[in-house]
Amino acid sequence: MPGGNLRVRSPASSSWEAVQSRTFTKWVNARLSERTLGPLDDICTDFADGTALIQLLEIIGDASLGRFNRAPRMRIQKVENVNTALDFIRARKISLTNIGAEDIVDANRKLILGMIWIIILRFTIEDISEEGLSAMDGLLLWCQRKTAPYKNVRVRDFSHSWQSGLAFCALIHRHRPDLLDYHALDPRDARGNTARAFDVAERHLGIPRLLDVEDVCDAAKPDERSVMTYVAQYFHAFASLSKAETAGRRLAKFADVAQAAFDMQHDYEQRVRALIAAVRAQQDAWADAPAATAFAAARAQSQAFDAYKASTKRSWTHEKIELDALLGDIQVKRVTYNLAPFAPRAGLAPRDLDAAWAQLAAAEVRHRKAVNQSIRQSRDALQRRYGAEANAIQRVLNGIAHALAALSGDLDAQLATVTALIADTRPLDAALARLAQLEQLCAEANIDEHDYTVYAVADLAYDAEMTTKALQKKIRFIENQAAVRNLTNLTPAQLEEFEATFRHFDRDELNLLGDAEFRAALDSLGHSFSDDEFAVLFAQLACGADAISFEVYIRFLVELTEDQTTPEQLLQSFRVIAADKDYVTREDLRLSDLPPAAIACLLRDMPASDADPDGYDYLAYLRNVFQR
């Protein structure tokens, strides 16, 4: 960062100043990197123009300090910048004693280090709490508790207690034993242990390397403030994991469900609003159209209306059926998760859409009648028969659509209702056949327009097909929800992921997965099998069929992901605790937080290991326990 004309670097007056300068500069650079700001060389000189200090405070204080001079050249501009920063610090009730803007502009190292230490205390250490103790005492207690089970580690302070490097390694191993093998460390290799801890923390935990190995291992007395600043990063890194697992698990369950419901509801309301607006715009266009006085003009209007029915109206019909199904899906999901029923906003409820749809149908009839009035009188009787049959079919379709949209109650009741609706669609094939015969008669009579209905055979057949698909889709949705409602050992997020994966690979929407689709679904979920393993697995699940159902799929995934007492899972657990050794020690079991009674039981039954006098042969133990 630029330091203006006062970028003069003065050496630290003592070794602790040098250590603090390096540590605090690295801490500041770690914060500045959150905004991809360039690193500082030395805070004691690079803070001189106030710009870097203001940017640091904006990041850690999560607030804007307002306008400031971003390229100060004169001393007065630098003093103004620094005063802006100091005013912000004092506004946060942070006490700064015996330091003014001129001290920072003049690069007073001791005062600047003291100020940065106060900032670190306020924004990094002050919020630490452990069993009623806060800040530095709380951080020390936390370190003591976490490292208590480890040999050769006794944390009493933030100076000498860390010189062997083992305390850093113990903190990492306690929370992430997969990152290093504490028991393989040499207590005499202080520099190696410290370097290893710093490297692991930086690469795997995102903890910036604020200290150098020599700052800890070679100093007669490591600087407490520097060590404390670095150790606080461990606390925040590990504490966030623990808090996030508890709080996040609770909130995520609800948030996932709430967000999914919100997305569906928002999508429903937006699409209903757009559909109603389009329907009303079409009615206004028809109302404003001049009446045709010539046959050619009437025929042109008729052809335009045919084009509307074949494209726009069909897309609207499809959208309305989809919206009815979507509303039903929303209510089913909310019932599944014990949420209150969804009530769309005023003007967007099903009755509002139905009213707009009825108005559209009426407008269509009026428009058609106005166009056809001059050419249909002699063929009125035939058109009446056709209209009655077509309207009857449409009433059946509308009744089914309304019933589908009004689905509510428990899943079994909804399944029974949809099954009954499917039965109601079966007579439609015969009715459509009769209507097709009437349409042929109209064609032979040179009648290609109808006054008493807007529903052609193709339209109704399309509506009937879409309605049948919607019912079949609803049946599959309810059956799938029923299959998962009692699977309480999975989180909603897991169930949502499993369902979404099934739907993605069930491309023909038959609620079945073939062998290739099933394997692709497992791969996408991170469960890979060899060709031979998968062949055996699919044969077992399909029971001779060429596909598996959703229920078989979801129950297999539940079995695959839930905890079971199997030799394979127990072997994997022993290997984790033993850090991949072929034997396990009493110390390994103790550090894994097993209850004392469980440790005593295992040590009583496991045979001694030939590889280590303190070890126990868990491989032989598992063979004996699961021998058939």
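Residues numbered from 1 in each chain as written. Predicted model: local features only at pLDDT ≥ 70, side-chain atom pairs only at ≥ 80, totals over all residues. Heavy atoms only, no water.

Another point: the side chain of Q77. Assignment of secondary structure puts Q77 in helix 4 (residues 75–91). For Q77, a relative accessible area of 18% puts it in the buried group. Contacts of Q77, omitting those with residues within four sequence positions, involve N69 and P72. (Helix = DSSP H or I, 4+ residues; strand = E, 2+ residues; numbered from the N terminus. Buried < 20%, exposed > 50% of the residue type's maximum accessible area, 1.4 Å probe, protein only. Contact = heavy atoms within 4.5 Å.)

Here helix 6 (residues 109–125) is 17 residues long and its end C-alpha atoms lie 22 Å apart, about the 24 Å a rise of 1.5 Å per residue gives. Within helix 6 the residues assigned to the buried category are R109, I112, L113, M115, I116, W117, I119, I120, F123, T124 and I125. (Expected span 1.5 Å × (residues − 1).)

Once that is clear, we can look at the pattern of salt bridges. Should the charged atoms of two oppositely charged side chains come close, the side chains can pair. For the structure shown, the criterion picks out 32 salt bridges. Close ionic contact of R345 with E269 constitutes a salt bridge, the shortest N to O distance being 2.7 Å. In this pair, R345 sits in the loop between helix 12 (295–336) and helix 13 (350–372) while E269 sits in helix 11 (residues 224–288), placing the two residues 76 residues apart along the sequence. Since its relative accessible area comes to 48%, R345 is described here as partly exposed. (Salt bridge = Lys/Arg side-chain N within 4 Å of Asp/Glu carboxyl O.)

Bringing the packing of aromatic side chains into the picture now. All chains considered together, the criterion is met by 24 aromatic pairs. When the ring of F518 is compared with that of F538, the centres are 6.2 Å apart and the planes differ by 45 degrees; the resulting orientation is tilted. Of the two residues, F518 is situated in helix 19 (residues 515–524) and F538 in helix 20 (residues 531–542); the sequence distance between them amounts to 20 residues. Per residue, the accessibility class of F518 equals that of F538, and both read buried. Three or more aromatic residues link up through ring pairs in this structure, and these residues are F158, W162, F168, F198, Y230, Y234 and F238. The side chain of R122 reaches across the aromatic face of F123, ending 5.3 Å from its centre. Positioned above the aromatic ring of Y462 is the side chain of R314, whose terminal nitrogen or guanidinium carbon lies 5.5 Å from the ring centre. (Phe/Tyr/Trp six-rings, centres within 6.5 Å; stacked < 30°, edge-to-face > 60°. Lys NZ or Arg CZ within 6 Å of the ring centre and 35° of its normal.)

In this model, the protein carries a mean pLDDT of 85, and residues with pLDDT of at least 70 account for 91%. Contacts for the low-pLDDT stretch residues 1–13, under 50 throughout, to residues beyond four places or in other chains number 39 contacts. (pLDDT = per-residue confidence, 0-100.)

What follows is about the nonpolar core. Residues F47, M115, L139, W162 and Y234 are the most contacted members of the largest nonpolar core, which totals 81 residues. Here this core takes 10 residues from helix 11, the largest share from any one element. For W162, the residues in contact, after removing those within four places along its chain, are C143, V155, D157, A167, F168, L171, V216, V227 and V231. Within the second largest apolar cluster, 40 residues are counted, among which are F305, Y308, L327 and A363. (Core = buried A, V, L, I, M, F, W, Y, C linked by side-chain atoms within 4.5 Å.)

What follows concerns the environment of L326. If you trace the backbone, L326 turns up in helix 12. Judged by relative accessible area, L326 falls into the buried class, the value being 11%. Note: C-alpha distance between L326 and Y268 (58 residues apart in sequence) is 6.9 Å. Those residues within four positions of L326 in sequence are excluded, and the remaining contacts are M264, D267, Y268 and R271.

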